[in-house]
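Coordinates in review
Given next are the chains, with one letter for each unit.
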Amino acid sequence: MVSRLPSGYKVISGDSSSLFKLEEFARLTYQEIFSSQDDYSHLTTTIHKLFSTETPLWWVQTEKAQKIGCLWMGNAIDSLTNDRYSQIFLIFVLQNHRSQGIGTYLLQKAQEWAINRGDRQIGLQVFAKNQNAINLYLNLGFRTDSLLMLKPLLD
């Protein structure tokens, strides 16, 4: 059961006509964590490769139709069981709309979508520097299943 959004917000489905806004929100996500980086063009490439009818997008918007948050879902394969599972590609809420339950609502919506299509788990990737998001995910029952470890080879 998905909780309710705060008063003054509603959820609408997104489609390919809103990819520019999806690119903007993806860029804002990265800018919050990696403010010194200048080039985020790889996000546009990734979004255009992955966006399809199999990767639904939902927007949270205000009564004045301002998009303030999004949830973009996709698919992944469990490396141990080879089962498909739902993957959260992007969840984002503009800073001045946070701490009102919107992120929780979107995560519950993601879980509902995954259950409705028969998935047994849901996953996401979060940057280790994003402690606020990590705390939210832990509070909603997510757990660390694996760690992505990287070693830079060039400066």
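To be clear, the structure that these remarks concern was listed above.
Here we summarise the structure given alongside this text.

Rules used throughout
Residues numbered from 1 in each chain as written. Predicted model: local features only at pLDDT ≥ 70, side-chain atom pairs only at ≥ 80, totals over all residues. Heavy atoms only, no water. Helix = DSSP H or I, 4+ residues; strand = E, 2+ residues; numbered from the N terminus. Buried < 20%, exposed > 50% of the residue type's maximum accessible area, 1.4 Å probe, protein only. Pairing = 2+ DSSP bridges. Right-handed = clockwise from strand over helix to strand, strands pointing away. Phe/Tyr/Trp six-rings, centres within 6.5 Å; stacked < 30°, edge-to-face > 60°.

Let us now look at the environment of Asn139. Mapped onto the fold, Asn139 is located in helix α4 (residues 131-139). According to the relative accessible area criterion, Asn139 is exposed, its value standing at 67%. Linking Asn139 and Thr104, residues 35 residues apart in sequence, is a C-alpha distance of 9.6 Å.

Moving on to the pairing of strand β4 (residues 84-93). Among the 10 residues of β4, eight are classified as buried, and the element is accordingly described as predominantly covered. Relative to β4, strand β3 (residues 67-77) is paired through nine bridges, and the arrangement is antiparallel. Among the inter-strand pairings, Ala76 is bridged to a residue of β4, identified as Tyr85. Here β3 hands over to β4 after six residues, with Asn82 in that stretch at a positive phi of 65°. Crossover connection from β4 via helix α3 (residues 102-116) to parallel strand β5 (residues 122-124): handedness right-handed.

Another aspect to go through is the packing of aromatic side chains. Enumeration over the complete set of coordinates arrives at 10 aromatic pairs. A centroid spacing of 6.3 Å and a plane angle of 35° characterise the contact between Phe51 and Trp72, whose relative ring orientation is tilted. Of the two residues, Phe51 sits in the loop between α2 (41-50) and β2 (57-62) while Trp72 sits in strand β3, which places them 21 residues apart along the sequence. Under the relative-accessibility criterion, Phe51 is labelled buried at 17%. Residue class for Trp72 comes out buried when judged on its relative accessible area of 4%. With a centroid separation of 6.3 Å and 70° between ring planes, the pair formed by Trp58 and Trp113 is classed as edge-to-face. A residue pair is termed long-range when its members are at least 10 positions apart, and Trp58 in strand β2 and Trp113 in helix α3 qualify at 55 residues. Among the residues examined, Trp113 registers a relative accessible area of 19% and is labelled buried. Joined through ring pairs, the aromatic side chains of Tyr30, Phe34, Tyr40 and Phe127 make up one cluster.

Remember, this is a structural readout, not a statement about activity or role.
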